[in-house]
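Next come the chains, spelled out residue by residue.
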Amino acid sequence: MAVEFDGIPNNVNLSHDKKLQRALLEWQPNFLSWWNEMGPTDFNQDQIYLRTAVSVEAGGWAHFDYVKMPDYRWGIFLAPPEERTIGFGDNLGKAIWNEAPGELRKELRRIIVTQADTEPASVEQQRLLGHTAPSLYDLRNLFQVNVEEGRHLWAMVYLLHQFFGRDGREEAEDLLVRRSGNPDSPRILSTFNKPIEDWLSFFCFTMFTDRDGKYQLAALAESGFDPLARTTQFMLTEEAHHLFVGETGVGRVIERTAQLMKECKNGDVTLAGGIPLDIIQKYINEWYSSSLDLFGSEDSSNAAAYFATGLKGRFKETTSPRITDHVALEGAYEIEKIDASGKIDKQQIPLRRAMNLVLRDNYVEDCERAVLRWNKALEAHGHPDRVRLPSQRFNRTMGLYMNMPFTPDGTLLSAEEFAQRRAEFLPTEKDRAYVKSLMKKVYEPGKFAGWIAPPNKGINAQPVDFEYVKRSPAQT
Ligand SMILES: [Fe+2]
Ligand SMILES: [Fe+2]
């Protein structure tokens, strides 16, 4: 059951927990001043058709209504408790933890802080995009993503305050101090310091980077630390919409490009203000490769320890029929080492050490599914061109292929050759400038910018031309 305490909807018994109240009430004004400084505050007066989680029950987690963003009620929700035991690792079958176990406290805190840091980071990255939204439908989706990332920050800060004492409180404060892209106080993970200044980047981010989040959250939803498992389970229900925004967003850009390729002379879509397929491909190359880095090293003793201790499982560890051995002490996983001459050396590493890669492989499969769908649009319009995911070796700053000059198809070049051909693989300043030049706001209900196709359907069964954002007259 959800109740409200001082404007904080929650199902964590907040109104009866004085200590937690004090901590959160102290943190709340700092959160609001962070939101006012770093959130999409130029749109504070607009009425936005948002979904708000008011409880975790089926009818409660997606309550739709017009809300001004500063009035959005960021709540703390955990999925309902279940009878369960630890589902994997050395503690398989033992009782789950309702408190952070002393010997795992440091690791747990690090896992929570790293996840938590991405939530405000993405809001900061997307702060100004509203000014160039291609439609009211997209504007609304952007803000939905933003307020929910704000809620995810609340969810993780609750864990820090409730289970990690003074260290947790300090970490919660620091989450509001770091800033995306700030050289002195950057966000923890590099992808979350990259600027997002156009909507193609936003769609690639929600497609590829938020999708890394899905897999990280799903692995944590298996955790033996039950409050973390239940918090992340509920976050995943909201995250699904972010991924939808990304996947359909890139898909709609490709659809529009495919239409324009037929209409424009020599298929040159720039004649009609479309985004050329090769630029889309370069954006995919950039965001996909950067998001792969978020999984960490392929061979990782940390990953092995997280699995062994029961902190972080595999994707669908306890529900997938594909996973039968939850101890994972036997078995190996293949990795591919490549030396500077390009010689491939396939090696088997113990399964537990490969857990980052196992999770990443699930992610890659999911991305491939989306790419197949995008390519259907090209096929339907009769084009032989296809978009594709670059090789996992391409453009990596982490793990086995770190800083090695691979092409998107996985061929090793010399550093000089790579530098010469870089513009074929990754967006150039000129590409970015062109994409940016197309970013002009379209705020009329049912109208869409010329570089993107409308969606197939609206939000919450509303029509596509629904007024998803009622702009305040003072701000239009
Ligand atoms: Fe999130
Ligand atoms: Fe998200």
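Residues numbered from 1 in each chain as written. Chains lettered and ligands numbered in written order. Predicted model: local features only at pLDDT ≥ 70, side-chain atom pairs only at ≥ 80, totals over all residues.

Would you explain the overall build of the protein chain in this entry?
Helix and strand content of the protein chain: 11 helices and seven strands. The C-alpha radius of gyration computed for the protein chain amounts to 23 Å, which stays within 12% of the reference 23 Å derived for 476 residues, consistent with globular compactness. With the C-alpha coordinates aligned to their principal axes, the bounding extent of the protein chain is approximately 65 × 65 × 45 Å. Residue burial in the protein chain is summarised as follows: out of 476 residues, 44% are buried. (Helix = DSSP H or I, 4+ residues; strand = E, 2+ residues; numbered from the N terminus. Rg over C-alpha atoms; globule rule 2.2 N^0.38 Å. Buried ≥ 20, exposed ≤ 12 C-beta atoms within 10 Å, placed from the backbone.)

Sorry if this is basic, but what is going on with the pairing of strand β6 (residues 344-350) here?
Within a regular strand, the side chains alternate between the two sheet faces. Burial analysis of β6 places just zero of its seven residues in the buried class, a small minority of the element. The pairing of strand β5 (residues 332-338) with β6 spans seven bridges and is antiparallel. In the sheet register, Ile338 faces β6, and the bridge partner there is Ile344. In textbook terms, the turn of a hairpin is the stretch between consecutive antiparallel strands, and for β5 and β6 this stretch comprises five residues, one of which, Gly342, has a positive phi near 95°. (Pairing = 2+ DSSP bridges.)

Just checking my understanding: could you explain the environment of Phe315 for this structure?
Position of Phe315 among the secondary structure elements: in the loop between α8 (301-309) and β5. For the pair formed by Phe315 and Phe143, sequence separation is 172 residues and the distance between their alpha carbons is 28 Å. Among residues more than four places away in sequence, those in contact with Phe315 are Tyr215, Ala218, Ala219, Leu359 and Asn362. (Contact = placed C-beta atoms within 7 Å.)

Mind showing me how you'd approach the nonpolar core here?
Generally speaking, soluble globular proteins have nonpolar side chains that are buried together. Counting residues in each nonpolar core, the largest one holds 106 residues, and the members touching the most others are Ile112, Val157, Leu200, Cys204, Val253 and Ile280. In terms of residue count, the dominant contributor to this core is helix α3 (residues 136-163) (15 residues). (Core = buried A, V, L, I, M, F, W, Y, C linked by C-beta atoms within 7 Å.)

Explain the sheet that holds strand β4 (residues 63-67) here, please?
The strands making up a sheet associate through hydrogen bonds between their backbones, and the pairing can be parallel or antiparallel. Here we have three strands laid out as an open sheet, ordered β4-β3-β7, and antiparallel in their pairing. At either margin of the open sheet sits one strand with a lone partner, and together these are β4 and β7 (469-470). Helix-sheet contacts for α3 involve β3 (47-52) and β7, and the interaxial angle to β3 is about 50°. (Axes fitted to C-alpha atoms, helices over the stretch in contact; angles between N-to-C directions.)

Looking at this structure, I do not really get the packing of α3 against helix α6 (residues 226-263). What am I missing?
Angle between the axes and distance between the axes: these two values describe a pair of packed helices. Running from N to C, α3 and α6 point in directions that differ by 170°, and their axes come no closer than 10 Å. As far as their axial angle goes, α6 and α3 are roughly antiparallel. In this structure, α3 uses Asn141, Gln144, Val145, Glu148, His152, Ala155, Leu159 and Phe163 to contact α6, whose residues at the interface are Pro227, Leu228, Thr231, Met235, Glu238, His241, His242 and Val245. Among the residues making up the contact of α3 with α6, the classes are represented as eight nonpolar, six polar and two charged. (Parallel < 35°, antiparallel > 145°, perpendicular 65-115°, else oblique. Nonpolar A, V, L, I, M, F, W, Y, C, P; charged D, E, K, R; others polar.)

Honestly, unusual backbone geometry in this entry has me stumped. Any pointers?
Comment: phi is negative for the bulk of residues other than glycine, and the bulk of peptide bonds are trans. Phi angles above zero are rare outside glycine, and Asn266 is one such case at about 55°. Inspection of the secondary structure assignment puts Asn266 in the loop between α6 and α7 (277-293). You will see that Asn460, though not glycine, has its phi angle at about 55°, which is positive. Checked against the element boundaries, Asn460 lands in the loop between α11 (429-438) and β7.

It is not clear to me how the packing of helix α5 (residues 199-220) against α7 should be interpreted in this structure. Could you clarify?
Taken N-terminus to C-terminus, the directions of α5 and α7 make an angle of 30°; their axes are 9 Å apart at the nearest point. The pairing of α5 with α7 is recorded here as roughly parallel in orientation. Crossing of α5 against α7: the hand is right-handed. Facing α5, whose interface residues are Leu200, Ser201, Cys204, Phe205, Phe208, Thr209 and Asp212, α7 presents Ile280, Tyr283, Ile284, Trp287, Tyr288 and Ser291. Counted by class, the contact of α5 with α7 contains nine nonpolar, three polar and one charged residues. (Left-handed = near helix turned anticlockwise from the far one by under 90°.)

What exactly am I supposed to notice about the environment of Ile48 here?
With respect to the helices and strands, the residue Ile48 is situated in strand β3. For the pair Ile48 and Gly296, spaced 248 residues apart in sequence, the C-alpha separation works out to 37 Å. Filtering out sequence-adjacent residues up to four positions away, Ile48 remains in contact with Tyr66, Val67, Met69, Arg140, Phe143 and Val469.

Help me out: how do you make sense of α6 in this one?
Three or four residues apart is the spacing at which side chains of an α-helix point the same way, because the helix has 3.6 residues per turn. Along its 38 residues, α6 runs 56 Å from first to last C-alpha, staying within 8% of the 56 Å computed at 1.5 Å per residue. A maximum bend of about 35° is found in α6 at Thr237. Of all 38 residues in α6, 28 are buried; the element is thus mostly enclosed. (Expected span 1.5 Å × (residues − 1). Bend = angle between axes of the 7 residues up to and from the residue.)

Would you mind going over α7 with me for this structure?
Taking 1.5 Å per residue as the helical rise, α7 with its 17 residues ought to reach 24 Å, and the 25 Å between its terminal C-alpha atoms agrees with that figure. Burial analysis of α7 places 15 of its 17 residues in the buried class, the great majority of the element.

Just to check I follow, could you spell out the environment of Tyr363 for this structure?
Note that Tyr363 resides in helix α9 (residues 355-380). In this structure Tyr363 comes out as buried when scored by C-beta crowding, with 22 C-beta atoms within 10 Å. Setting aside residues no more than four positions away along its own chain, Tyr363 makes contact with Arg211, Asp212 and Tyr215.

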